[in-house]
Amino acid sequence: MRCLGAREERADKADYPTSDTMLESIAATAPPVTPGEAPDLVTEFNRKLDAGEIELPFLPATAFKVFNLANSPDADAREIAELVEKDQKIASDVLRVANSAAFSGQAEIVTLRQAITRLGLKVLSEIVLGTALKASVYEDKHNLDRMQLYWREGLGAALWAKEVARMRRANVETAYLCGLLHNVGKPLSLKFLASLNVLQDDELVQIVDVAAPQIGARLAENWKLPGPARMCIEYYNNYHEAPDYREDACGVYASLMLTRHMLDEENVSADGLVGDESLQSLNIYPEDLGKLLDKKSRVAAELESFS
Amino acid sequence: MKRHSFDVVVIGSGPAGQKAAIQAAEAGCMVGLVERDNRAGGACVHSGTIPSKTLRENALQLTRTRRVVRDFNLDLEQQEPMTHLMSRLQQVLSSHDSFISDQLERAGVEWIHGRARFADPHTLLVNKVDGQTWELRSRYIVLATGSSPRDPDNIPIDHEHILDSDSILSMCYLPKSLVVIGSGVIASEYASIFAILGSRVTMIDRYPRPLGFLDPELCDAFVRNFESFGGTYLGERDIASMKWNGLEVEVELENGDTVRAEKAIAAAGRIANLEYLELDKAELSANERGLMDVDEFCRTRQPHIYAVGDVIGAPALASSSMEQGRRAVRHALGLPLGAPSHTIPAGIFTIPEIASAGLTEVQAREKHGSVMVGSTTFDEVARGQIDGIQDGMLKLVCDSDGRKVLGVQIVGEGATELIHMGQIAMVEGLDVDMFVENIFNFPTLAEAYRLAALDIINRRPKTEAPARAATA
Ligand SMILES: Cc1cc2nc3c(=O)[nH]c(=O)nc-3n(C[C@H](O)[C@H](O)[C@H](O)COP(=O)(O)OP(=O)(O)OC[C@H]3O[C@@H](n4cnc5c(N)ncnc54)[C@H](O)[C@@H]3O)c2cc1C
């Protein structure tokens, strides 16, 4: 958890460039693609990336620093407050989320110190990482709905992964990070593909689903993410094949299923979840699933507070 | 609903259940082994004995390395992520896992993955993870469902900041400070492991001393070592409340003091896993301590239902659980039992190790009146000096004639292995003289037995025949 990497040189920029500005630039030169060409697309993505024709988005160093610091034995509330205060955008996002229904008490939180005292360092660091990730990777003026869905699935998986980890006596902090980051390849792939401007929506979604793990893996490498997060990004929808951290990847997949159920009960029913292989692999019995689902409204409220 | 019939159904695949199932299968029975987890082994393999001992071994290795690094002026990163410390665990667990599964398969035991509960005294319903239910009928049923950490009402365990002895193994970095609630074996083991790794550990319990059931000299040695690693024991304290305040864990004590730490572990006892079994359907119930009452053959009130291992309470050790499982099935099947073993050694894997067999000095005096006690420290033993074992001690408790061994207490690295020599002497009713008359390898810690025995022999009444007078 402490080894999250960051691109220090961008640390103090308050307005982060997002991946769409970078990917837009290649739209004009990219060849058209058709469905089923996801592997080619990954190759093309990698080629352009290696050639320096496209750039990966970055997370502001503050976000990583805060997350690392809060999750390390050296956590120091004052130091963290100072770090967050320096980054105006993060600071205002934190206050917005901290004052949302899921987190705030009766009194309004007006300062970061207050937010830390009220919410604690861990929650604060999760808010910081979450809001920074959203701003950096998931914001895109062309695909608002889909980006919003990917973001909600990522954050939802993070929140559920904590509950699943708690139930399984696995590490809760690692689970959150793995859940949050598992689908970062999707917004990247979507932006890359959308920039080619040739496909219908449904086709686009299929290709994104196939290409995302490998494209996400490049980002994980670039961001120097810890082992479990890398494996979850690359293998969450194919967890049987994960060479390491298979249970973490399976946990993320199960958490994604719980998120989909939470977001779309009509199409993903609780009964359907009972038969889900990932939940069975984690040894989650129907009655355990019931106990997990009892937390649905709390998880939903937390999810809404970020959205 | 799928239906199956067996001669013997065992519930739980921990040490007790494994041995029961294998014994029954070896006797030619059709055996079903029901386990709710998707791996065999129980608490012993997945959250208890083996993981904690692996962590301990790695902690010791790290400490030795640090000592070498310091002595040789090398450089070593200060904070070791827990995942590194647990690195060998997966290896140890998977080889143990496949060993157990192979053994069960070779014996022809049928593995049934699911949660068992009674439908009637001879019928079990097994809830499968996919939502199916199976029905099992059996002539004999062995309950070996083990135990889980107790979840006290005033301790809000969240498995993130306030952990229990299961979730402690999921920590991914070493906390700077740790509060350990409890003073029993599990609490003391984890407290000493984290203290030697460099966490600032505070143990809190209502008892005046940790490991209070042990010989006071052994307790003292534990506390001395624990304090030398920077640990603190707060005895005779009750917890008023405990919470994660967003920044750290805060423990309010009844006396008004507050203790704060980055993480906390509650090791305040264990409870038998009986809640899911619907015992009433088998016309059984747990006793007032939440355990199963059994007779000397581990038989419950229902003569065809046995209970073994942690569900019947003390000594609640992997070693005794295995033997209970084996004996229960032999009794059910009418096979010869052999003499029961009354001398069960206790091995406590604190740093340093502690081991005890038979009676402590206090217990021996209560039971026999006068006794003779001989002791030696490990720095009087060549092996102890070579290995740099500090604060080691072996104590022999004998009858008033200074002959029959009644108890052995040892503290120091190697104690849990060394205890078995004393155990055998007691089981065989041997005189303490045998530790002097027999030749052991040199230099080994076995010499400690010889020195402690001499301490007794040389203090026997002077009527002793000259031939038996002994010297070092
Ligand atoms: C941290 C720790 C350290 C320890 N160190 C030592 C040590 O050094 N030496 C030592 O001898 N002992 C040690 N112990 C104790 C030892 O682990 C236990 O005494 C031993 O595991 C008990 O064995 P068991 O078979 O009774 O139960 P368990 O090992 O608990 O196994 C019970 C099994 O039953 C299953 N089960 C429960 N209910 C059901 C159900 N309804 N249906 C199906 N399956 C069910 C459980 O999933 C579990 O797998 C330690 C324990 C802990 C927690």
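To be clear, the structure that these remarks concern was listed above.
What counts, and where the lines are drawn
- Residues numbered from 1 in each chain as written.
- Chains lettered and ligands numbered in written order.
- Predicted model: local features only at pLDDT ≥ 70, side-chain atom pairs only at ≥ 80, totals over all residues.
- Heavy atoms only, no water.
- Helix = DSSP H or I, 4+ residues; strand = E, 2+ residues; numbered from the N terminus.
- Rg over C-alpha atoms; globule rule 2.2 N^0.38 Å.
- Buried < 20%, exposed > 50% of the residue type's maximum accessible area, 1.4 Å probe, protein only.
- Contact = heavy atoms within 4.5 Å.
- Areas by Shrake-Rupley, 256 points an atom, 1.4 Å probe, with all protein chains shown as cover.
- Near = heavy atom within 4 Å.
- Polar contact = N/O pair within 3.5 Å; in protein donor to acceptor, adjacent residues only side chain to side chain.
- Pairing = 2+ DSSP bridges.
- Axes fitted to C-alpha atoms, helices over the stretch in contact; angles between N-to-C directions.

Trainee: What's the story with the overall build of chain B in this structure? I'm lost.
Mentor: A count of helical and extended segments in chain B gives 13 helices and 22 strands. Compactness check: chain B gives a C-alpha radius of gyration of 24 Å against a globular reference of 23 Å for 472 residues, within 12% of the reference. Scored against the burial criterion, the 472 residues of chain B give a buried share of 54%. In chain B, 64% of the contacts between residues at least 6 apart in sequence involve partners at least 24 apart. Carbon and sulfur atoms make up 50% of the accessible area of chain B, which totals about 20,900 Å².

Trainee: Looking at this model, I keep getting lost on the site of the ligand. Mind explaining?
Mentor: Residues and elements named next belong to chain B. As a structural note, the neighbourhood of the ligand is formed by 37 residues, with Ala16, Glu35, Lys53, Asp310 and Ala318 the closest of them. Between the ligand and the protein, one listed contact pairs an oxygen atom with a side-chain N or O atom of Asp310 at 2.8 Å. Here Ala316 contributes a backbone N or O atom positioned 3.1 Å from an oxygen atom of the ligand. In isolation the ligand exposes 1,000 Å². Once the protein is present, 94% of that is buried.

Trainee: What's the story with the sheet that holds strand S10 (residues 200-204) of chain B in this structure? I'm lost.
Mentor: The strands making up a sheet associate through backbone hydrogen bonding, with each pair oriented either parallel or antiparallel. All names here are of chain B. Pairing in this open sheet of 5 strands is parallel, and the strands run S8-S15-S9-S10-S11 from one edge to the other. Every interior strand has two partners, whereas the edge strands, strand S8 (162-164) and strand S11 (232-234), have only one. For this sheet, the mean inter-axis angle between neighbouring strands, taken without regard to orientation, is 20°. Judged from the 3 bridges that link them, S10 and S11 form a sheet pairing that is parallel. What sits directly across from Ile204, in S11, is Leu234. Helix H6 (residues 185-197) contacts strand S9 (177-181), S10 and strand S15 (263-266) of the sheet and is inclined by roughly 160° relative to S10.

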